[in-house]
Amino acid sequence: MIRNGNKSCNVIVTPSNLKVKGKIASLTENRRLSWEMIVWPLIFELDRPFFTVREYQAKRDYVSGRCGIQNSRIRSGFVSLIYRGFVTKGAVGYSLNWGLKKYIHRGSILGYELAAKSILGTR
């Protein structure tokens, strides 16, 4: 197990972690990672419900380099977020699901669990 010494990352990177878990669990972990470390902080920083491809790539590269996370994990999590409906792809960039836009104005930190409950209707 490799623990990143950087205090701002709060992620434990384990190379064998994805081999032990099943496909569904690893996809959920990648989605959670992409949402909590890249998508929601980016939306929160920009203070708007959309972002461009370049803004996403800059944030992804920053988090990947700082926390030591593979781009493939982030990429697969982001694609899964698009597939699940958290983020929609537009002509210029990506936009947040309409059900989650109310959390931007509140200024609250939206975790993956609450976002999934709001979008997918799980309880």
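As the structure is a prediction and not an experimental result, all values here were calculated from the model.

Draft legend 1. Focus on the environment of Leu-33. For Leu-33, the position within the fold is in helix α2 (residues 23–46). By relative accessible area, Leu-33 is classed as buried at 10%. For the pair formed by Leu-33 and Arg-73, sequence separation is 40 residues and the distance between their alpha carbons is 8.3 Å.

Draft legend 2. How the structure looks around the packing of α2 against helix α4 (residues 71–84). Relative orientation of the contacting elements α2 and α4 amounts to 95 degrees, with a least axis distance of 7 Å. In terms of axis orientation, α2 runs roughly perpendicular to α4. For the pair α2 and α4, the contacting residues are Glu-29, Asn-30, Arg-31, Leu-33, Ser-34, Trp-35, Ile-38 and Val-39 in the first and Arg-73, Ile-74, Ser-76, Gly-77, Phe-78, Ser-80, Leu-81 and Arg-84 in the second. A per-class count over the contact of α2 with α4 returns seven nonpolar, five polar and four charged.

Draft legend 3. View of the pattern of salt bridges. Under the definition given, this model contains six salt bridges. Glu-45 is the partner of Lys-59 in a salt bridge, and the nearest nitrogen-oxygen pair spans 2.8 Å. One end of the pair, Lys-59, is in helix α3 (residues 53–67); the other, Glu-45, is in helix α2, with 14 residues separating them in the sequence. The class of Lys-59 is buried, set by a relative accessible area of 12%. Across the pair Glu-55 and Arg-48 runs a salt bridge, and its minimum N-O distance is 2.6 Å. When its relative accessible area of 23% is taken as the criterion, Glu-55 is described as partly exposed. Several salt bridges converge on common partners, so that one network encompasses Arg-32, Glu-36 and Glu-113.

Rules and cut-offs
Residues numbered from 1 in each chain as written. Predicted model: local features only at pLDDT ≥ 70, side-chain atom pairs only at ≥ 80, totals over all residues. Heavy atoms only, no water. Helix = DSSP H or I, 4+ residues; strand = E, 2+ residues; numbered from the N terminus. Buried < 20%, exposed > 50% of the residue type's maximum accessible area, 1.4 Å probe, protein only. Axes fitted to C-alpha atoms, helices over the stretch in contact; angles between N-to-C directions. Parallel < 35°, antiparallel > 145°, perpendicular 65-115°, else oblique. Contact = heavy atoms within 4.5 Å. Nonpolar A, V, L, I, M, F, W, Y, C, P; charged D, E, K, R; others polar. Salt bridge = Lys/Arg side-chain N within 4 Å of Asp/Glu carboxyl O.

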